[in-house]
Amino acid sequence: MFMRYDAGQAELKNWVIEETQFKPAYQGKCEVVMSQGNGYMSARSATEEKYVGQTRNFFVAGTFNKFDQAEVTELPNAADMSAIEIFIDGERFHLEQGKVANYSRRLNMKNGELIRDFTWTSPGKKRFHLCFRRFISMADLHLMAFSVHIEAIDSDAEVEIHSGIDAQLTNSGAQHFHEGEKCFYDKRYVELLQRTTESGIDFVFVTTHRYELNGHEVELTPTLVMARRKVWTGIRCELKAGDTFGLDKLGVVHTSRDKEFDTPGYKLQALRDHTLAHLKTCAKQRFDVLLETSANEWAKRWNNMDITIVGPDVDQLAIRFALYQLNIFCPMHDTRFSIGAKGLSGEGYKGHTFWDTEVFMLPFFTYTMPDVARGLLTYRYRTLPEGRKKARANGYLGVQFPWESALTGEEVTPIWGAVDIITGQSTKIWSGFIEQHITCDIANAVWQYYQLSGDQPFMDEMGYEIIFDTATFWCSRLDWLEDRNMWGICNVIGPDEYKEHVDNNAFTNYMAAENIRLAIRCYDTLSMDNPVLLAKLNANLTLDPTLWRKRVDNIYLPQPRTEDKVIAQDDTYLQKAIIDLTKYKQQPFVGGLFQDYNLDQVNQIQVSKQADIMMLFFLQGSMFDLETKLANWNYYEPKTLHDSSLSLSTHCVLAADMGHTEYAYQLFRQAATIDLCQNMKSSDHGIHAASMGGTWQCVVLGFGGVRLLDDKLCIKPNLPREWQQINFPLFYKGQRLEISVDHKTISIHRQPGNSLSIEIAGQDRTIDSTEVIFHV
């Protein structure tokens, strides 16, 4: 195959992902896996020259727009500054013409740089060495840079290059921008404006070029060209055999969504002036200097988050890949936005935020970058008004968070989806209507953040309000079950999306009950410790703790069956038909079941898309004993197809907990390589963002054995035999801990500080020194 994961050598060992052959049919793989970004913006790494089958995506976080009123809002695919057209002796450079030797495209995750180089023999038998470099700055959120060098190896040649800004792009055909103004300044600076059609967000793109011959800067007079939604410059240079021509291109983008411009009195001209001035400042420095500045910021990130695994090299590279991706698509700069299910690397899921963030990605930030976790939860707090509107529209009280969320927090789940194999029509997407567990998932994430960070100001300002209003929602959402004389939750979708319109999904019922119990606990704490704040919250939210107490102990929670300790996933799951799922479990792609059945038929089969009961064990593990967990694992795992990338990491962590370490390691490999694998089509729609967070969970929560149980940090390692040691950082109660685990010991290093109570391998321990070693 043509993907290499062992290309890094010496100090770059396990830091480099390489493509060794250009394959036009599989461009999406490297476009996504080698995507670059900084949380403010991100771009798929399509090649500078264009090919059929490319997807040239560039996204700026938070800039949502509707194509028209019949569609939901999505991140618009904005103008492209990466395209650079090269002509040699009047013919367009193209890898599908001539001959290519020594091809390499490699992403250096240590500093975020992408390098592509090769020797190309033109149809006219002339040889050239071409090297392309690019990065999106981690130090300057608005800056991207490109470098192209062309060496004429053995013949004279004329090189012509067209480069500028191309806005002739869409989201799979949906155009989100008005035709914008285009300008040249001093024949050096190229500007293009875009404005979104519905949300009215202004984008300002400005780029400039520097040229050199044999390492010396040269002045060239460019031609200036404008076309519809496109503006560019053209230059020509005569090369003698042995000459090398170089082009450095800098691009800067700002939008009216930027915090400093998203204010009353905003003026487009001020945004334009600021963007141009910003570019001029950047242009005073050369490409390599700007890269070094960005690399220094990356070095700080890695020093704070890197995980080392003493084991197979591919495992070390995979965890670094996950951490790299989590950093390039998380909007750490702005609490108005959250993380999309495909990050910022593709149009999949339209840039919308799901429960993926709170359940699968947030734990990485909570344990490693608590300030970032706080920002992501602040986004949910900002969207409370829309969540309350959704609850009222459905006849409920409190806040009902949307299944898919964008900027404002309104429900943006599409209504129609994939084809029904039986009817030939679109399948209705019910998630936005009845997949409601996200509301308690968010409350759970709030509490986990607080327990790990001890961030009382966050709870006072935001956390209590979220917990109280979600509990109010659940109390209003409960349905009376006459046959059981209890409260239940009917007509929902649980985490297993292959089961729609079910009653009493165990995960939803248990998590809702815990949400209400948590609200009671917080209410009682505030009654004693901060009655002034409680009175304020009560005045704004109209709290009803009496109702909470009355309802919570009478919610139907499915119990383990006497005969086998299996918990019913919902009221009817265990009565559904059982079929042989071997064919679908063994398929190398997801969704194969729907080549033979439609969703209505799947609803009648004991088959699960992803973890459901297992997800309950993962989030509320202290409620159930090991025997119950094993019994349900043995029943449900064979019926789970893992057709969601969210499923593998959850099962991995639980398998490690239950002593199935060998199988846990297999699941880790699958989760960690869902994008890195040799399946060349697995990443076409964008990165599997939740699986990036899930990979971290496999390593730290699964094999590292780290868990927050009953408000206490616990560490009980379960290393696979393939690993000798893992080392990882985490924050707890404001202190940074460096944990080192092998098969016999747990070492904890920290700076001097207050003593910490931690459960180590099942025993309560007090950490009061800077270095402690425990034998396990």
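Analysis parameters
Residues numbered from 1 in each chain as written. Predicted model: local features only at pLDDT ≥ 70, side-chain atom pairs only at ≥ 80, totals over all residues. Heavy atoms only, no water. Buried < 20%, exposed > 50% of the residue type's maximum accessible area, 1.4 Å probe, protein only. Helix = DSSP H or I, 4+ residues; strand = E, 2+ residues; numbered from the N terminus. Contact = heavy atoms within 4.5 Å. Pairing = 2+ DSSP bridges. UniProt positions renumbered as here; feature names shortened; annotations may be inferred. Polar contact = N/O pair within 3.5 Å; in protein donor to acceptor, adjacent residues only side chain to side chain. Salt bridge = Lys/Arg side-chain N within 4 Å of Asp/Glu carboxyl O. Core = buried A, V, L, I, M, F, W, Y, C linked by side-chain atoms within 4.5 Å. Axes fitted to C-alpha atoms, helices over the stretch in contact; angles between N-to-C directions. Parallel < 35°, antiparallel > 145°, perpendicular 65-115°, else oblique. Left-handed = near helix turned anticlockwise from the far one by under 90°. Nonpolar A, V, L, I, M, F, W, Y, C, P; charged D, E, K, R; others polar.

A few words on helix α18 (residues 645-657). Buried residues dominate α18, accounting for 12 of its 13 residues. Those residues of α18 lying buried are S645, L646, S647, L648, S649, T650, H651, C652, V653, L654, A655 and A656. Tucked inside the fold, the buried residues of α18 contact α5 (355-368), α16 (613-619), α17 (626-636), α19 (661-672), α20 (689-703) and β26 (706-709). In the stretch just after α18, G659 is the one whose phi turns positive, near 90 degrees.

Strand order in the open sheet formed by three strands is β3-β4-β5, and the pairing between neighbours is antiparallel. Both outer strands of the open sheet, β3 (36-37) and β5 (58-60), are each paired with one neighbouring strand and no more. Strand direction decides the pairing type here: β3 and strand β4 (residues 41-43), joined by two bridges, are antiparallel. From the neighbouring strand, G37 faces β4, where its bridge partner is S42.

The UniProt feature table records "domain: Glycoside hydrolase family 65 N-terminal" (unreviewed entry) at residues 19-257. Span residues 19-257 is 3% helix and 51% strand, its end C-alpha atoms 36 Å apart.

Positionally, D166 belongs in strand β12 (residues 157-166). Its relative accessible area of 5% is what places D166 among the buried residues. Among the polar contacts made by the side chain of D166, one reaches the side chain of K50 at a distance of 2.6 Å. Within the structure, the side chain of D166 is placed 2.8 Å from the backbone nitrogen of Q168, a separation counted as a polar contact. D166 has contacts with K50, A79, D80, R229 and K230, leaving out every residue within four places of it along the chain.

Our focus in this paragraph is the pattern of salt bridges. Side-chain pairs of opposite charge can arise where the charged atoms are in close proximity. Inspection of every chain in the model, using the stated rule, returns 55 salt bridges. Its salt-bridge partner being D306, residue R320 comes within 3.1 Å of it at the nearest N-O pair. Linking R320 in helix α4 (residues 313-329) with D306 in the loop between α3 (287-305) and β21 (308-310), this pair joins segments that are 14 residues apart in sequence. Considered together, R320 and D306 belong to a single accessibility category, that of buried residues. One salt-bridge network, held together by shared partners, links E48, E49, R116 and R134.

Among the nonpolar cores identified, the biggest contains 171 residues, and I17, W355, F365, F468 and W548 are the most heavily contacted of them. Looking at this core, the element that brings in the most residues is helix α11 (residues 506-529), giving 13 residues. Apart from the residues within four sequence positions on either side, W548 is in contact with F468, A471, T472, C475, I516, A519, I520, Y523 and L543. L95, F118, I161 and L247 belong to the second largest nonpolar core, which has 46 residues in total.

Both faces of strand β2 (residues 16-19) are covered, namely the face carrying V16 and E18 and the face carrying I17 and E19. Pairing analysis gives four bridges linking β2 to strand β8 (residues 99-108), with the strands arranged antiparallel. Bridged to E19 within β8 is R105.

On to the packing of α11 against helix α13 (residues 545-552). Between α11 and α13, whose axes approach to 10 Å, the crossing angle comes to 140 degrees. Here α11 is positioned oblique relative to α13, judged by the angle of their axes. The crossing of α11 and α13 is left-handed. Facing α11, whose interface residues are A513, I516, R517, A519, I520, Y523 and D524, α13 presents P545, W548, R549 and V552. Looking at the contact of α11 with α13 residue by residue, the classes come out as eight nonpolar, no polar and three charged.

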